[in-house]
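Chain and residue survey
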Amino acid sequence: MAGVLETLTVPRASAFPSASFTTVAGASVSRHSSIRFSQFRGLKIQQNRCVASLGSTTKFSCRGSRIVCEAQETAVEVAGVTDATWKSLVLESDSPVLVEFWAPWCGPCKMIHPLIDKLAKQYAGKLNCYKVNTDESPSIATQYKIRSIPTVIIFKNGEKKDAIIGAVPESTLTTSIEKFL
C-alpha cells in the first residue's frame, strides 16, 4: 500500500545554489525529465515538458512539474482474493500462502498493510501473499471464523496452519512464516 503525499513545500532550484541536483533524461515522447534532491531521499521532481514546433525550430517549454516518490516504482502490490479465486490461489497453491483479512474502514488494517507488502517482497518466490476484503468476500471470512481484523492466516497444502490476530510487529509475522517455509 502506498502512502499519499498531500503537501510538500520545496523551494525553487535557484534557492539551492550549492545543492547537488541530478537530472535524469526521460525517453518518452512527452520528454519528461527528473531532478533528484540530495536532501530529500526517495523524492524527485519530474518536469513535464511540451514540444512546440515553430517553423524550422523546435521549442521546449516547461508547463509544470510533479513530485514523484521513487519507491512507487519498486512497490509490490499484494493481490486481492475473492470468492471466485480463493480455491485456485490459496487452497490449491503449491507454496505456503499468507492471507490478510481486512476491511477499508479498519484503522489497524491500514497500519499492517505496508508490513504485508514488505513481507510479500521479502519472501517472493517462497510465499504467496494475498488480501481478502471481508466486506466484499464475507463468506470466506465466515468459513474461517474471522471475528477480528486484521487477521493473518498462513496456509500450507490448502490447510490453515497458523493465525495471527491484530496489528502485530514484523517479528511476530516473520516467526510464524518461517515455521512453514
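Scroll up a little and you will see the structure.
We now turn to the structure provided with this report. Just so it is clear, the structure is predicted and the values come from calculations on it, not from any experiment. (Residues numbered from 1 in each chain as written. Predicted model: local features only at pLDDT ≥ 70, side-chain atom pairs only at ≥ 80, totals over all residues. Heavy atoms only, no water.)

**Topic: the nonpolar core**
The test is simple: Put simply, a nonpolar core is a bunch of buried Ala, Val, Leu, Ile, Met, Phe, Trp, Tyr and Cys residues held in one set by side-chain atoms that sit within 4.5 Å of each other. Buried residues are those whose accessible area, probed at 1.4 Å on protein chains only, stays under 20% of the maximum for their type, while exposed residues exceed 50% and partly exposed ones sit between those limits. Segments assigned H or I by DSSP are reported as helices when at least four residues long, segments assigned E as strands when at least two residues long, and all are numbered from the N terminus. Contacts were defined at the residue level, with two residues in contact if any of their heavy atoms lie within 4.5 Å.
Within the largest apolar cluster, 19 residues are counted, with the highest numbers of intra-cluster contacts made by W86, V90, V99, F101 and F155. Breaking this core down by element, the ones donating at least two residues are α1 (86–91), β6 (97–102), β7 (128–133), α3 (138–143) and β8 (151–156). Ranked by the residues each element gives to this core, the list is headed by β6, at four residues. Apart from the residues lying within four places of it in its own chain, the contact partners of F155 are W86, V90, P96, V97, V99, Y144, K160 and K161.

**What to know about unusual backbone geometry**
Cis geometry marks the peptide bond from I149 to P150, where omega comes out at 0°. Tracing the backbone through its elements, the reader meets P150 in the loop between α3 and β8. Although it is not a glycine, K145 adopts a positive phi angle of roughly 55°. By secondary structure assignment, the location of K145 is in the loop between α3 and β8. Unusually for a residue other than glycine, N157 sits at a positive phi of about 55°. Turning to its location among the elements, N157 is positioned in the loop between β8 and β9 (159–165).

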